[in-house]
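Now for the letters of each chain:
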Amino acid sequence: MRLKLAGLLIVTSTLSASAALADVYDLKIDQFERTVEGKTLTGVSINGASPGPLLRLHEGEDVTINVTNTLAVDTSLHWHGIILNAKMDGVPGISFDGIAPGETYTYHFTAKQSGTYWYHGHSALQEQEGVFAPIIIEPAAPEPFQYDREHVVILSDWLNDSPYKALANLKKRSNYYNYNRRTVFDLWRDWRNADGAQKTNVIKERLAWGRMRMDPSDIVDITGYTFLVNGETPQDNWNALFEPGEKIRLRFINAAAMTYFDVKIPGLKMTVVQADGQNIEPISVDEFPIAIAETFDVIVEPEAGKSYTIFAAAKDRSGYARGTISETPGAEAAIPELGPRPELTMTAMGGSHGDHGITNDKPKSAETGMEGMAMGMSADDHAGYGSMSAMETGPIVLSYADLRALTPYTDRRAPDREIELRLTGNMERYVWSIDDVKFGDAGPLELNYGERVRITFKNETMMEHPMHLHGLWMDLVNGEGDMAPRKHTITIRPGETISADVTVDATGSWAFHCHILQHAATGMFRKVTVIGGPQ
Amino acid sequence: MKYIFLLAGVLATAPASPAFAAEGDPVYNYTLMEADIAEIDNETVGAWDAQGWIGGDYNRFWWKSEGALTDGNFEDAEIQALYSRNISRFWDAQVGVRYDLEPKGETYGVIGLQGLAPYFFEVDAAAFVSSSGEVSARFDATGELLFTQRLILEPGVAFDFFAERDRSRQIGSGLSTAEFSAQLRYEFTRELAPYVELAYQKAYGETADFQRAATGSDDDTVFKIGLRTMF
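Looking up chain B in an unreviewed UniProt entry gives the name Copper resistance B, with the organism given as Hyphomonas oceanitis SCH89.

Per an unreviewed UniProt entry, chain A goes by the name CopA family copper-resistance protein and belongs to Hyphomonas oceanitis SCH89.

Have a look at this one:
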């Protein structure tokens, strides 16, 4: 496969540095074919490519985007993380009716912000079929950091099965793609390797998982993806070129359907300067986890004459996306080991959850049997959100606790009220939900214009969920007070509770959902309606 | 009967929602079929056991069929058409009809519970009332032991109960027959898995008396070779 980012800079306007501040962009949603590992699938492209063309906008620009649908089905584009009028947000059924086959829809908005964002399809499962692309909004004022050259690094995952087929498979059998289940030999090995009293714990833990009808190997829903950097496979080896002495800004975007990545560039420190397009206090790390739909901007200083691997390991270690930073095209550097596949662990088994029999089951309940039990990920726990200062040795890994806004935001009111949202699911049915109710059965979540509301996510499932709120910023409550970072996507780990404060400063209706696309598709999704405000 | 199949057809053709998140309750389907052959008393016996569903996440049309042929002649053949409703995280309540084509035409009402018990046991329990008022019940449970990701041992038990004796069908009251089985299958894909199965069948109570009188034995061990398909 050799899908160059040919479309990357194809926009109708000439990108003059003076910035006309009122440009028109033409985009076409169309089918395309991609061959990975010998299998050709039809996907959906923007202007013939996936990722589609980079939209380079300017803060303050009046943006007009004409989107033409050449598919046989409805389509749409959503501008992820962009603050705009609700009608321009591009979510069918919430913002507008979608774009019918053969039609052209014109989006208008003023770019009121700057940074790295992205845009993607919001109809059916088209984003998983390839409908995504980067957005860069150049700031009006100089940025508080310097660089000589920049590259967009958009990470994605490609399945050699249509996403519709994959979802149908998961509905038949939710472990359809899990070929890492625990065998009797695994049990035997664990038992043999445990000493003395630990042997009974091995058996107890195995029985506890069985009693709860949960599988510790169930860490991702789908395996078998090929992981891509800017649309290119690890073999293609996308190159980020530099000249000696340059500082390079890498704009990472996780546009994957189902995959979290851990990103590192062996041999280079990465200075993280933006998260979700917002300036943060620069922080130097060796590695950072990137949830689906998040963006991180980092600055690296490669040494002259050297090449470096950009290594994005899939969270389940089933593969990696890879590119190379080098002075010459086609150069390669050593590729790190993937490391072992993580498993869910039960670390603090209480004695009170042993009776999850038939009689304890509540109708459509998401009772996951996690009371009195803490869950974590083994083998891979360094991606955690504890402060990195505790990690004296080993790589320095970015965590949410490290994110501090560079400048405080204007609205620092204490929240007027708190909304708790339990993230729930039923793996037996492959249904994902919020408060045990899937989108199809749920009414809108109502917010009042002008209020400051605390949204507390309580993850009761075994999987991490990247929750994305359209139209309104979420200020992550991470102990940084007035310097709390502002995000459009917040990830919540299994068993974890995280809060975000939201200033309700936009009117209209917005989508609010898990950005694991099969989770959104099966119901971990809400319509948010803002009551009141200027008409 | 035919109305139920008509309903199934309507459900199967219901369009899925075009939205990013599904509105309503989109329709999916599932079919699991096992077909095997065995040599019993010098006769070749072919048997099938199949079930599937069509529907949404919580409400489904569920069908089941099983039967056996001996040397090309149907010995048993039945089909069930059920409405299945998710009543808790792991369980569905089912209600509907069962029709026996062989050994004689008979219609039953069915009420049952199907789902996943603790320790990952797939359980199917159902009670039947025939058109002449005879009450019977079945209980099936299977588990899974993975040797590898594809080589899987599935132990199973099955019990049949009858409320009253029925001399014409050589059945006593209470527990009539039990089967203890072990299926070893190799999942080339999720869709296709050949298997071998060893099953020990035993009759109890008066049913055992009837069987001993007819064949001289109240138990049997059967070795089967079969193919499991899922789609």
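So that's the structure; there's more coming.
Draft legend 1. Region of the structure containing the overall build of chain B. When you go through chain B residue by residue, the secondary structure sums to two helices and 13 strands. For chain B, the C-alpha radius of gyration of 19 Å lies close to 17 Å, the compact-globule estimate for 231 residues. The principal-axis extents of the C-alpha atoms in chain B amount to approximately 65 × 45 × 35 Å. Per-residue burial for chain B yields a buried fraction of 22% across its 231 residues. A sequence separation of at least 24 residues applies to 38% of the contacts in chain B between residues at least 6 apart.

Draft legend 2. Main features of the UniProt feature "domain: Plastocyanin-like" (unreviewed entry) in chain A. UniProt tags residues 34-140, 184-324 and 413-530 of chain A as "domain: Plastocyanin-like" (unreviewed entry). Taken end to end, residues 184-324 of chain A is 18% helix and 40% strand, and its first and last C-alpha atoms sit 41 Å apart.

Draft legend 3. Looking closely at the sheet that holds strand E31 (residues 508-514) of chain A. All names here are of chain A. With mixed pairing, five strands are arranged side by side in an open sheet as E24-E32-E31-E26-E29. Looking at strand neighbours, the two that pair on one side only are strand E24 (445-448) and strand E29 (489-492), the edges of this open sheet. For this sheet, the mean angle separating the axes of adjacent strands, direction not counted, is 25°. Examined bridge by bridge, strand E26 (residues 465-469) and E31 share three bridges and lie antiparallel to one another. Bridging across to E31, Met467 finds its partner in Cys514.

Draft legend 4. Summary view of the confidence of the model for chain B. In this model, chain B carries a mean pLDDT of 90, and residues with pLDDT of at least 70 account for 92%. Within the model, pLDDT remains below 50 along residues 1-18 of chain B, and this stretch shows 24 contacts once partners closer than five positions in the same chain are excluded.

Draft legend 5. How the structure looks around the interface of chain A and chain B. Contact with chain A, which involves 41 residues of that partner, is made by 28 residues of chain B. For the side of chain A that touches chain B, the elements supplying multiple residues, two or more each, are helix H1 (163-172), helix H3 (198-212) and helix H4 (517-522) of chain A. Its residues assigned to classes, the side of chain A that touches chain B comprises 15 nonpolar, 13 polar and 13 charged.

Draft legend 6. Quick look at the packing of helix H2 (residues 184-193) of chain A against H3(A). All names here are of chain A. At a minimum axis separation of 7 Å, H2 and H3 run at an interaxial angle of 150°. Taken together, the axes of H2 and H3 are roughly antiparallel relative to one another. Crossing hand, H2 versus H3: right-handed. Facing H2, whose interface residues are Leu187, Asp190 and Trp191, H3 presents Lys199, Val202, Ile203 and Arg206. Taken together, the residues of the contact of H2 with H3 sort by class into four nonpolar, no polar and three charged.

Draft legend 7. Spatial organisation of the domain arrangement of chain A. All names here are of chain A. Assigned domains within chain A: domain 1 (6-142), domain 2 (143-181 + 217-343 + 378-403) and domain 3 (417-531). Each of domain 1 and domain 2 was reduced to a C-alpha centroid, and the two centroids are 23 Å apart. Counting residues at the interface gives 26 residues for domain 1 and 24 residues for domain 2. For the side of domain 1 that touches domain 2, the secondary-structure elements that each account for two or more residues are strand E1 (24-36), strand E2 (39-46), strand E7 (115-120) and strand E8 (132-138). Of the residues belonging to the side of domain 1 that touches domain 2, the class tally is 13 nonpolar, eight polar and five charged.

Draft legend 8. Broad picture of the pairing of strand E11 (residues 174-186) of chain B. Residue and element names in this part refer to chain B. When strand E10 (residues 151-162) meets E11, the two strands line up antiparallel, connected through twelve bridges. Residue pairing across strands places Leu151 opposite Tyr186, the latter belonging to E11. Across nine bridges, the pairing between E11 and strand E12 (residues 192-203) is antiparallel. The residue of E12 that forms the bridge with Ala182 is Leu198. Hairpin connection from E11 to E12: five residues lie between these consecutive antiparallel strands.

Draft legend 9. View of the sheet that holds strand E27 (residues 474-476) of chain A. All names here are of chain A. Overall, mixed pairing links the six strands, which are arranged E23-E22-E25-E30-E27-E28 in an open sheet. Each edge of the open sheet carries a strand with a single partner, namely strand E23 (431-434) and strand E28 (486-487). Bridge count for strand E25 (residues 452-459) against strand E30 (residues 497-503) is seven bridges, and the pairing is antiparallel. Among the inter-strand pairings, Arg454 is bridged to a residue of E30, identified as Asp501.

Draft legend 10. How the structure looks around the nonpolar core. Leu155(A), Val272(A) and Ala312(A) are the most contacted members of the largest nonpolar core, which totals 132 residues. For Val272(A), the residues in contact, after removing those within four places along its chain, are Ile280(A), Pro282(A), Ile283(A), Val285(A), Phe288(A), Phe296(A), Val298(A) and Leu398(A). Listed in part, the seven residues of the second largest apolar core include Trp53(B), Phe61(B), Trp62(B) and Ala81(B).

Draft legend 11. Seen up close, the environment of Phe90(B). Counting through the fold element by element, Phe90(B) comes out in the loop between strand E4 (73-88) and strand E5 (91-102). C-alpha separation for the pair Phe90(B) and Gly115(B), spaced 25 residues apart in sequence, amounts to 5.5 Å.

Draft legend 12. Representation of the environment of Asn47(A) in the model. Within the secondary structure, Asn47(A) sits in the loop between E2 and strand E3 (55-58). Between the C-alpha atoms of Asn47(A) and Asp89(A), which are 42 residues apart in sequence, the distance is 20 Å.

Draft legend 13. Region of interest: the environment of Gly319(A). All names here are of chain A. Here Gly319 lies in the loop between strand E18 (308-314) and strand E19 (320-326). Counting along the chain gives 100 residues from Gly319 to Ile419, while the straight-line C-alpha distance between them is 38 Å. Ignoring anything within four residues of it in the chain, the contact list for Gly319 reads Tyr225, Thr226, Phe227 and Ala314.

Draft legend 14. Highlighting the pairing of strand E12 (residues 248-254) of chain A. Residues and elements named next belong to chain A. Most of E12 sits inside the fold, with seven of its seven residues counted as buried. Judged by which residues are buried, E12 turns out to be covered on both faces: Ile248, Leu250, Phe252 and Asn254 on one side and Arg249, Arg251 and Ile253 on the other are all buried. Inspection of the sheet shows strand E9 (residues 149-159) paired to E12 by seven bridges, in the parallel sense. Paired with Ile154 across the strands is Ile253, a residue of E12. The pairing of E12 with strand E17 (residues 295-300) spans six bridges and is antiparallel. Across the sheet, the residue bridging to Arg249 is Ile299, located in E17.

Calculation rules
Residues numbered from 1 in each chain as written. Chains lettered and ligands numbered in written order. Predicted model: local features only at pLDDT ≥ 70, side-chain atom pairs only at ≥ 80, totals over all residues. Helix = DSSP H or I, 4+ residues; strand = E, 2+ residues; numbered from the N terminus. Rg over C-alpha atoms; globule rule 2.2 N^0.38 Å. Buried ≥ 20, exposed ≤ 12 C-beta atoms within 10 Å, placed from the backbone. Contact = placed C-beta atoms within 7 Å. UniProt positions renumbered as here; feature names shortened; annotations may be inferred. Pairing = 2+ DSSP bridges. Axes fitted to C-alpha atoms, helices over the stretch in contact; angles between N-to-C directions. pLDDT = per-residue confidence, 0-100. Nonpolar A, V, L, I, M, F, W, Y, C, P; charged D, E, K, R; others polar. Parallel < 35°, antiparallel > 145°, perpendicular 65-115°, else oblique. Left-handed = near helix turned anticlockwise from the far one by under 90°. Domains from an automatic or database assignment. Core = buried A, V, L, I, M, F, W, Y, C linked by C-beta atoms within 7 Å.

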